[in-house]
Amino acid sequence: MSHFAKTFHPEPEPERYEFRTGPFHHFDLPRRDFFKVLGAGIAVFAVAQDAAALQESGRQRRRGEELPREISAWLHIGEDGSVKVFTGKVEIGQNIRTSLAQSVADELRVPFESVQMVMGDTALTPFDAGTFGSRTTPAMGPQLRRVAAAARDLLIEAAAKEWSVAPEKLVAADAKITDPASGRSASYAELARGKTLAQAIPEADPVTSPDHWAIAGKPIPKVNSRDFVTGKHQFTPDLRPAGVLCGKVLRPPSFGATLSSVDTGPAKALPGVVVIRDGDFVGVAASTEREAEMALAAIRAEWKTQPQPSSEDLFDYLKKNVEAEAEGHSAHETGSVEDGLAKAVHRAEATYTIAYIAHAPLEPRAALAEWAGDKLTVCTGTQRPFSVRDELAGALHLPADRVHVVVPDTGSAYGGKHTGDAAIEAARLARAAGKPVKVIWTREEEFAWAYFRPAGVIEIKSGIASDGTLTAWEFHNYNSGASGIGTPYAVPNQRIQFHPVRSPLRQGSYRGLAATANFFARESHMDDLAHAAKMDPLEFRMKNLSDPRLRAVFEVAGKSFAWPRAKKEPGQGFGFGGGAEKGSYVATCAEVFVDRASGELRVVRLVTAFECGAIVNPDGLRNQVSGANVMGLGGALFEAIEFENGRITNPRFSRYRVPRFRDVPEIEVVLLDRKDLPSAGAGETPIMGLAPAIGNAIFDATGIRLRSLPMVPRGLKILR
């Protein structure tokens, strides 16, 4: 691992681009009410004084800020033996409902089918900062194992007391406690019957090592998978309570436009239509979507606009609008880059550009809001239910304990659903209408008004010695972000800096954050250096790499891909890319074919080797890696938001190109299961090696170096 990776810790991007985590909140269900709701049984709680250490918010308690006085449940074993587990994490397609249930079942010693996950419900689950950053598996997985271990110990103690034997003589397995000496046994259901036993999570961490996992580590199918394939599962847009109205919101014509005047009279005159204006918010609600659209079209609004940058000026704009006050906050320097460049026999300098891209989730932003007196309940797809609760409370001037946010399993997010935009809109309309209101953003609204993956400019200067070792590395990222900005390669002289910029578009988290951009620039540049040194690209990387885990995935990917491969025909090319981020390691090899006559590019084959410690569910992990590669094709090749003077000019799938079935190559995923290491997340890192691998393969096929993402928005025109 490089010196940089050990010493440089930039501010996490979700905290830079998104709303900061709010104050530590009290929980809604005290112990007595918890048992009233779920009935008698065995429960494990977080006690107030220990709660802060158990959360994943990553923030310290502020001076004078009180911790919650109540307790909150993590797990409940009912009198029928059912197991309910509570977590503020949400399921957005990454299959954590399955993997977390596996960990609990494994530690509690119960059948997997008996575990029911209660997720993303601010009235029931403990506070959680959100589902992002590949943090669920490394943070929530061990935490729920501790919870399950505490429940198992409580059951053992209950049996020991009943049988008057020492607890250490009893064995927990298959949802029952057994006394091997006497042969007596009691099921968890029997031990829970008629009891209201509770225990706090212990200080110790008595979790089972991966070598002894019985349920975790197995390829268990996705929970409720049939419901998703048959359409039985209800996403937020599918919810239709009695009397629900359809809501629509008036949008400005461009970014930065302000409302000069508005006449809502024609809309109010329509039968059954509710119209509301609250500051800059103007919206309507009606019985059907068609009626709501007609009411919105009847509103006469005048806007004051102001000049805005356009796509053609983007990269010059980013370089000229650096936030001077933030300069130097995310900087790292060791040795002397100038000396390193002076000693180099080969020097390289290049600029890479990154376009804004959209998340394009299958389920656009949607929310269903309903009031009961002064209490609000909102169902919405979000990665941060507690943060959305705070947004709603702030926008509607309510105490947080009067706002209840529920997150149904959601149709993807990719980092794009941190905020509560649709939830606030639905809640404002529902309060005015006195009825439930559902707001579903159109695809055009999703493309135009959701936030984007940040665009950026990356500049690199580097040098190598005659033996191919790196002597200097200077790396500047403008706006994209600092995730993955460090180099894993050994280089004595480094200068690495992230430069925040006043972005012309709304921007925020995206799968992999800025690491997709930083990996692309770094691994493309390493390929250029390898060619300058007249070395094989994989051999060159290995020569400058000491991290054994990264070396391992490079070796495995190369072996599975049969690297180096001889070309069998003109237009064929092979490329390599990889790195380490968020505790996991990836290496991707790509084969491409470029038709030199037409300029058409085809990605033929991908091999990705991935290592994230001990594997909880190999099938789920393989799906994550494959899905990351498919999604990454878009950002690597053709996805880009186009805008002119504050207006998005390609706000629909007919004009915004995402990967299609015909774009998907053969994909081979090789997993390295490191049972000797803690499990890390896999939602983000697998996407990072793809773009540089394809870019390097294009260079190998054509001799043309493409330094912009997307690389071929309209084909390889340069070849025609």
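Everything numeric in this text was worked out from a predicted model, so none of it was measured.

> How do you make sense of the overall build of the chain when you look at a structure like this?
The number of helices and strands found in the chain is 20 helices and 29 strands. A compact globule built from 720 residues would reach a C-alpha radius of gyration of about 27 Å, and the chain, at 27 Å, matches this within 12%. Expressed as lengths along the three principal axes of its C-alpha atoms, the size of the chain is roughly 80 × 80 × 50 Å. Counting only residues that meet the buried cut, the chain has 60% of its 720 residues in that class. Taking contacts inside the chain between residues at least 6 apart in sequence as the whole, the part at least 24 apart equals 76%. Only carbon and sulfur atoms are counted for the fraction: they give 50% of the accessible area of the chain, which is about 29000 Å².

> Would you take a moment to explain the sheet that holds strand 15 (residues 346–354) for this structure?
Paired through backbone hydrogen bonds, the strands of a sheet run either parallel or antiparallel to each other. Pairing is mixed across the open sheet formed by 6 strands, whose spatial order is 14-22-21-20-15-29. In the strand order of this sheet, the two ends are held by strand 14 (331–334) and strand 29 (708–709), each with one partner. Across 9 bridges, the pairing between strand 15 and strand 20 (residues 456–464) is antiparallel. Note that in strand 20 the partner of T351 across the bridge is E459. Strand contacts of helix 16 (residues 515–532): strand 15, strand 20, strand 21 (470–478) and strand 29, with the helix running at about 150 degrees to strand 15, the strand carrying the most contacts.

> Whenever I open this one, the side chain of N493 confuses me. Can you help?
The topology assignment puts N493 in the loop between strand 21 and strand 22 (494–499). Within the structure, N493 has its side chain in polar contact with the backbone oxygen of T471 (distance 2.7 Å). Those residues in contact with N493, other than ones at most four positions away along the chain, are T334, G335, S336, V337, G340, T471, A472 and W473.

> Honestly, the environment of S483 in this entry has me stumped. Any pointers?
Here S483 lies in the loop between strand 21 and strand 22. S483 sits in the buried class, given a relative accessible area of 11%. On a C-alpha basis, the gap between S483 and R660 in space is 28 Å, while along the polypeptide they are 177 residues apart.

> Could you clarify how one ought to interpret the packing of aromatic side chains in this entry?
Any two aromatic rings considered together are summarised by their centre-to-centre distance and by the angle between their planes. In this structure the tally under the stated criterion is 13 aromatic pairs. Centroid distance F447 to Y656: 4.9 Å. Interplanar angle 50 degrees. Geometry classified as tilted. On the criterion of sequence distance, the pair formed by F447 in helix 15 (residues 443–449) and Y656 in the loop between strand 27 (647–648) and strand 28 (666–672) is long-range, its members being 209 residues apart. Of the two residues, F447 and Y656, neither departs from the other in class, the shared state being buried. When the ring of F561 is compared with that of W563, the centres are 6.2 Å apart and the planes differ by 40 degrees; the resulting orientation is tilted. Look at W563 and you get buried, because its relative accessible area is 15%. Of the aromatic side chains, those joined through ring pairs into one cluster are F554, F561, W563, F574 and F576. Its end group placed over the ring of F281, R428 keeps NZ or CZ at 5.0 Å from the ring centre. The ring of F699 carries the charged tip of R705 above its face, separated from the ring centre by 4.4 Å.

> Explanation requested: the packing of helix 19 (residues 618–637) against helix 20 (residues 690–702) in the structure shown.
Each pair of packed helices gets described by two things: the angle between the helix axes and the distance between those axes. Contact pair helix 19 / helix 20: the axes reach a minimum separation of 9 Å and the direction vectors enclose 55 degrees. Comparing their axes, helix 20 and helix 19 come out oblique. Remark: the crossing between helix 19 and helix 20 carries right-handed chirality. Only L690, A691 and I694 of helix 20 make contact with helix 19, whose side of the interface consists of N629, G632, L633, A636 and L637. Here the residues of the contact of helix 19 with helix 20 sort into 6 nonpolar, 2 polar and no charged.

> What am I meant to see in helix 13 (residues 385–396) here?
For an α-helix the count is 3.6 residues per turn, leaving residues at separations of three or four pointing the same way. Taking 1.5 Å of rise per residue, the 12 residues of helix 13 would be expected to cover 16 Å, and the 16 Å separating its terminal C-alpha atoms lies within 8% of that figure. Counting buried positions along helix 13 gives 9 out of 12 residues, so the element sits mostly inside the fold. Among all positions of helix 13, only P385, F386, S387, V388, R389, E391, L392, A393 and L396 are buried. Residues of helix 13 that are buried make contact with strand 16 (366–372), strand 17 (375–380), strand 18 (403–406) and helix 14 (421–433). Residue H397 follows helix 13 closely and has a positive phi angle near 55 degrees.

> Sorry if this is basic, but what is going on with the nonpolar core here?
Across soluble globular proteins, nonpolar side chains show a tendency to be buried alongside one another. Core analysis: the biggest nonpolar cluster contains 65 residues, and F554, V592, L637, I694 and M711 have the highest contact counts within it. For this core, the leading source of residues is helix 20, giving 7 residues. In contact with L637, not counting residues within four places along its chain, are L601, V603, I694, P710, M711, V712 and P713. With 61 residues, the next largest nonpolar core counts W371, V388, F447 and F519 among its residues.

> What should I look at first to understand the packing of helix 5 (residues 96–108) against helix 6 (residues 136–163) in this one?
In contact at an axis separation of 8 Å, helix 5 and helix 6 are set at 35 degrees when each is read in the N-to-C sense. As helix 5 packs across helix 6, the resulting crossing turns out to be right-handed. In contact with I96, L100, S103, V104, D106, E107 and L108 of helix 5, helix 6 contributes T136, M140, G141, L144, R145, A148, A149, A151, R152 and L155. When the residues that make up the contact of helix 5 with helix 6 are grouped by side-chain class, the tally is 10 nonpolar, 3 polar and 4 charged.

> What is the right way to read the sheet that holds strand 19 (residues 437–440) from this model?
Spatial ordering of the open sheet is given by 11-12-9-19-16-17-18, a layout of 7 strands whose pairing is mixed. A single partner strand is all that each edge strand has here, and the edge strands are strand 11 (274–278) and strand 18. Each strand axis lies, on average, 25 degrees off the axis of its neighbour in the sheet, ignoring direction. Against the sheet, helix 10 (residues 289–298) makes contact with strand 9 (245–249) and strand 12 (281–286), and its axis sits at roughly 30 degrees relative to strand 9, the strand it touches most. Its contacts with the sheet put helix 13 on strand 16, strand 17 and strand 18, and the angle it makes with strand 18 is roughly 145 degrees.

Cut-offs applied
- Residues numbered from 1 in each chain as written.
- Predicted model: local features only at pLDDT ≥ 70, side-chain atom pairs only at ≥ 80, totals over all residues.
- Heavy atoms only, no water.
- Helix = DSSP H or I, 4+ residues; strand = E, 2+ residues; numbered from the N terminus.
- Rg over C-alpha atoms; globule rule 2.2 N^0.38 Å.
- Buried < 20%, exposed > 50% of the residue type's maximum accessible area, 1.4 Å probe, protein only.
- Contact = heavy atoms within 4.5 Å.
- Areas by Shrake-Rupley, 256 points an atom, 1.4 Å probe, with all protein chains shown as cover.
- Pairing = 2+ DSSP bridges.
- Axes fitted to C-alpha atoms, helices over the stretch in contact; angles between N-to-C directions.
- Polar contact = N/O pair within 3.5 Å; in protein donor to acceptor, adjacent residues only side chain to side chain.
- Phe/Tyr/Trp six-rings, centres within 6.5 Å; stacked < 30°, edge-to-face > 60°.
- Lys NZ or Arg CZ within 6 Å of the ring centre and 35° of its normal.
- Parallel < 35°, antiparallel > 145°, perpendicular 65-115°, else oblique.
- Left-handed = near helix turned anticlockwise from the far one by under 90°.
- Nonpolar A, V, L, I, M, F, W, Y, C, P; charged D, E, K, R; others polar.
- Expected span 1.5 Å × (residues − 1).
- Core = buried A, V, L, I, M, F, W, Y, C linked by side-chain atoms within 4.5 Å.

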